[in-house]
Amino acid sequence: MSTTTEVIAHHWAFAVFIVVAFGLCLFMLTGGWLLGGRARARHKNIPFESGIDPVGSTHLRLSAKFYLVAMFFVIFDVEALFLYAWSTSIRESGWVGFVEAAIFILVLLAGLVYLVRIGALDWAPARRRVDVDTSKVTHTNPQKQ
């Protein structure tokens, strides 16, 4: 037997999977093209707005804070998934696993404290923020005055 035949015989299930996956993709694309509507009309390519004529452009400028919150959610959600996997195997991992998870949580908390310190989680506009004037604070300890 040649080496090519041996490789195919050894990995036949993967080869069948690849062929079926490509065949399924080709079938779905062809089916959509054959069964899809051919009608062309004036309002055919306008997005449907629940029966209401669209007003304005669909290109909106969103604040970057929406994207930041989405990224923070994904990051901390994935971290929670890691902690859940750790918690299901806590008996097998022992104290070493506990220390590793504690370090992991501390790194997460350090990242969260950093985000709070730089103001990434502050949604209030600049005009509504209250700045604290520390120069007017009086000390109660007479030795520091």
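About the criteria used
- Chains are numbered independently. Their residues run from 1 in the order of the written sequence.
- The predicted nature of this model means local features are confined to residues of pLDDT at least 70 and side-chain atom pairs, given and counted, to a pLDDT of 80 or more, with totals for whole chains, interfaces and linings taken over all residues.
- Excluding hydrogens and water, the side-chain values take into account all heavy atoms of the structure.
- UniProt positions are given in the numbering used here, feature names are shortened, and annotations may be inferred rather than shown by experiment.
- Working definition: helices are DSSP H or I runs of at least four residues, strands are E runs of at least two. Numbering for both runs from the N terminus.
- Relative accessibility decides the category of a residue: with a 1.4 Å probe and only protein chains considered, values under 20% of the type maximum give buried, values over 50% give exposed, and everything between is partly exposed.
- Each accessible area value is a Shrake-Rupley result obtained with a 1.4 Å probe; residue values ignore everything except the protein chains displayed when judging cover.
- Confidence of the predictor at the level of single residues is given by pLDDT, which spans 0 to 100.
- As a rule, the C-alpha atoms of each element are fitted with a line to give its axis, helices using only the stretch in contact, and angles between N-to-C directions run from 0 to 180 degrees.
- Any angle that falls under 35 degrees is termed roughly parallel, while one over 145 is termed roughly antiparallel, one within 65 to 115 roughly perpendicular, and all others oblique.
- Left-handed describes a crossing in which the near helix is turned anticlockwise from the far one by less than a right angle; the clockwise case is right-handed.
- A contact between two residues is defined here by any heavy atoms of the two lying within 4.5 Å.
- Ring geometry is summarised as follows: Phe, Tyr and Trp rings, the Trp one being its six-membered ring, pair when their centres sit within 6.5 Å, and such pairs are stacked at plane angles under 30 degrees, edge-to-face over 60 and tilted between the two.
- What goes into a patch is any residue over 30% in relative accessible area without a salt bridge, connected to like charges within 9 Å or, for nonpolar side chains (Val, Leu, Ile, Met, Phe, Trp, Tyr), within 5 Å.
- Note on definitions: salt bridges are taken to be side-chain nitrogens of Lys or Arg within 4 Å of carboxyl oxygens of Asp or Glu.
- To estimate how far a helix should reach, multiply one less than its number of residues by 1.5 Å.
- Under the convention used here, Asp and Glu are negative, Lys and Arg are positive, and both His and the chain ends fall outside the count.

You'll find the chain entered in an unreviewed UniProt entry as NADH-quinone oxidoreductase subunit A, with Mixta intestinalis given as the organism. A UniProt comment under Sequence similarities (unreviewed entry) is attached to the chain, and it reads "Belongs to the complex I subunit 3 family." You can read under Subunit (unreviewed entry) in the UniProt record for the chain the words "NDH-1 is composed of 13 different subunits. Subunits NuoA, H, J, K, L, M, N constitute the membrane sector of the complex."

Okay, the overall build of the chain next. Secondary structure assignment for the chain yields four helices and zero strands. N-terminal to C-terminal, the α/β element order of the chain is α-α-α-α. Expressed as a percentage of its 145 residues, the buried residues of the chain come to 6%. Entry remark: accessible area of the chain is about 13,700 Å², with carbon and sulfur atoms responsible for 68%.

Of all residues in the chain, 75% attain a pLDDT of 70 or more, and the chain-wide mean is 79. Mean pLDDT per element in the chain: helix 1 (residues 3–10) is the minimum at 79, and helix 2 (residues 12–35) is the maximum at 93.

Residues annotated in UniProt with the feature "transmembrane region" (unreviewed entry) correspond here to residues 12–35, 66–86 and 98–120. End C-alpha atoms of residues 12–35 are separated by 34 Å, and the span's content is 100% helix alongside 0% strand. Counting secondary structure, residues 98–120 comes out at 91% helix and 0% strand; the distance between its end C-alpha atoms is 30 Å.

Now for the packing of helix 3 (residues 64–88) against helix 4 (residues 90–118). Close contact between helix 3 and helix 4 brings their axes to 9 Å; oriented N to C, the two are set at 165°. With respect to helix 4, the element helix 3 is oriented roughly antiparallel. At the point where helix 3 passes helix 4, the crossing takes the left-handed sense. Contacts between helix 3 and helix 4 involve Phe72, Phe76, Glu79, Phe82, Leu83, Trp86, Ser87 and Thr88 from the former and Ile90, Glu92, Ser93, Gly97, Phe98, Ala101, Phe104, Ile105, Leu108, Leu112 and Leu115 from the latter.

This part takes up the packing of aromatic side chains. This model, assessed by the stated rule, comprises three aromatic pairs. Ring geometry for Trp86 versus Phe98: centroids 6.4 Å apart, planes at 40°, classification tilted. Taken together, the residues Trp86 in helix 3 and Phe98 in helix 4 connect sequence positions twelve residues apart. On the accessibility criterion, Trp86 (22% relative accessible area) is partly exposed. With relative accessibility at 40%, the residue Phe98 sits in the partly exposed group.

On the surface, Leu60, Leu62, Phe66, Tyr67, Val69, Met71, Ile75 and Trp123 cluster together to form a nonpolar patch covering roughly 850 Å² of accessible area. For Met71, the position within the fold is in helix 3.

The end-to-end C-alpha distance of helix 2, which contains 24 residues, comes to 34 Å, matching closely the 34 Å that a straight helix rising 1.5 Å per residue would cover. Burial analysis of helix 2 places just zero of its 24 residues in the buried class, a small minority of the element.

Turning to its location among the elements, Val69 is positioned in helix 3. Between the C-alpha atom of Val69 and that of Leu121, which follows or precedes it by 52 residues, the distance is 7.8 Å.

Another point: the side chain of Glu79. Secondary-structure assignment places Glu79 in helix 3. The side chain of Glu79 sits in the buried core without any salt bridge; Arg117 is the nearest counter-charge, 21 Å away. Setting aside chain neighbours within four positions, we find Glu79 in contact with Phe104 and Leu108.

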